[in-house]
Amino acid sequence: MSLLGAPHGAKRGAIPAPLWLGYPEAFSPEECASLIDMMIFGTHKSAGLVNGKAEQSIRQTDIHWIPENDETSWVYQRLAQLVAQGNRDAFGYTLSGFDEDAQIGRYQNGGFYDWHIDRGGRGIGARRKLTVSVQLSDPADYQGGELQLNPDGRVVTAETAIGTAVVFPAYMLHRVAPVTQGVRHSLVIWTHGPDFT
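Owing to the predicted nature of the structure, the values given are computational and were not obtained by experimental measurement.

## Details of the packing of aromatic side chains
Next, step 1: A complete count under the given rule lists three aromatic pairs for this structure.
Next, step 2: Ring geometry for F91 versus Y93: centroids 5.6 Å apart, planes at 35 degrees, classification tilted.
Next, step 3: According to the relative accessible area criterion, Y93 is buried, its value standing at 16%.
Next, step 4: The lysine or arginine in question, R78, covers the ring of F27, its NZ or CZ lying 5.0 Å from the ring centre.
Next, step 5: Over the face of the ring belonging to W190 we find R128, whose NZ or CZ atom lies 3.6 Å from the ring centre.

## A short note on unusual backbone geometry
Next, step 1: For E25, which is not a glycine, the phi torsion comes out positive at approximately 55 degrees.
Next, step 2: If you trace the backbone, E25 turns up in the loop between strand 2 (20-23) and helix 1 (29-41).
Next, step 3: One non-glycine residue, N109, lies in positive phi territory at about 50 degrees.
Next, step 4: The exposure class of N109 is exposed, given its relative accessible area of 72%.

## Notes on the environment of N150
Next, step 1: Relative to the helices and strands, N150 resides in strand 10 (residues 147-150).
Next, step 2: Considered as a pair, N150 and L173 are 23 residues apart in the sequence and their alpha carbons are 5.3 Å apart.
Next, step 3: Filtering out sequence-adjacent residues up to four positions away, N150 remains in contact with W115, V155, M172 and L173.
Next, step 4: Polar side-chain contacts of N150 include one of 2.8 Å to the backbone nitrogen of G153.

## Examining a nonpolar patch on the surface
Next, step 1: Residues W115, I117, V155 and L173 make up a contiguous nonpolar surface patch of about 300 Å² in total accessible area.
Next, step 2: Within the fold, V155 resides in the loop between strand 10 and strand 11 (156-157).
Next, step 3: For V155, a relative accessible area of 47% translates into the label partly exposed.

## Some points on the pattern of salt bridges
Next, step 1: Applying the stated criterion across every chain yields a total of six salt bridges.
Next, step 2: D62 serves as the salt-bridge partner of R106, at 3.1 Å between the closest nitrogen and oxygen. Of this pair, R106 sits in strand 6 (residues 102-108) while D62 is found in strand 5 (residues 62-66), placing the two residues 44 residues apart along the sequence.
Next, step 3: In this structure D62 comes out as partly exposed when scored by relative accessible area, which is 21%.
Next, step 4: Notably, a salt bridge pairs R127 with D99, separated by 2.7 Å at the nearest N-O pair. Note that R127 is positioned in the loop between strand 7 (112-116) and strand 8 (128-135) and D99 in the loop between helix 2 (73-91) and strand 6, a separation of 28 residues in sequence.

Reading guide: rules and limits
Here the residue numbers are simple positions, counted from 1 along each chain's written sequence. Thresholds applied to this predicted model are a pLDDT of at least 70 for local features of residues and 80 or more for the giving and counting of side-chain atom pairs; totals over whole chains, interfaces and linings are not thresholded and use all residues. To obtain the side-chain values, all non-hydrogen atoms of the structure were used and water was disregarded. Aromatic pairs are defined between Phe, Tyr and Trp rings, using the six-membered ring for Trp, whenever the two ring centres lie within 6.5 Å; interplanar angles under 30 degrees are classed as stacked, those over 60 as edge-to-face, and all others as tilted. Burial classification: accessible surface area is computed with a 1.4 Å probe over protein chains only, and a residue below 20% of its type maximum counts as buried, one above 50% as exposed, and the rest as partly exposed. By the criterion adopted, a ring carries a charge over it if an Arg CZ or a Lys NZ lies within 6 Å of its centre and within 35 degrees of its normal. Helix numbering and strand numbering both begin at the N terminus, where a helix is a DSSP run of H or I of at least 4 residues and a strand a DSSP run of E of at least 2. Residues are treated as being in contact if the distance between any of their heavy atoms lies within 4.5 Å. N or O atoms closer than or at 3.5 Å make up a polar contact, with two conditions inside protein: a donor-capable atom paired with an acceptor-capable one, and, for residues adjacent in sequence, both atoms drawn from side chains. What makes a patch is a set of residues exposed beyond 30% relative accessible area and free of salt bridges, joined within 9 Å when like-charged and within 5 Å when nonpolar (Val, Leu, Ile, Met, Phe, Trp, Tyr). All accessible areas in this document rest on Shrake-Rupley with a 1.4 Å probe, and a residue is counted as covered only by the protein chains that are shown. Put simply, a salt bridge is a Lys or Arg side-chain nitrogen that is within 4 Å of an Asp or Glu carboxyl oxygen.

This is how it looks when you write it as structure tokens:
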């Protein structure tokens, strides 16, 4: 595990809470390849925004939703472990579980997702508290497509090693930069809970 971001203004001598976390090798290369196959051989569609509205000027991504079942239970178990560890390591949020299915995203031919947050203003999106994003593609297979976070006014780029998971609050500003060559795949899920107080 690596703690990747700490807030400004932390008291001297205090250990600041990280703003986001990275977990290398959260999924093996073989597991990542299996997930990419789910996208390739599954049903996929052009993705919308948090409210479901399609907006090509903000997001150009194909997605494949992964329902939880006997075949995919291992994916959800691994994601639940990542959420639990991230919440213990840094956030301490009250969480209720996954109220939405995980999705595999495919970014190609200039695909991107401009700056946004994952919390919506109403409905199920308003209860998103933590985002988990897993790098499925080998970074040698594409150019561009970086997951970038803006936790405190400074843009940072997440690690691109295959299988790396990044955990961050759903209200954090982030984007996927345009893919300029090749194809990038990622696995994303949100965990939910009562509203922040």
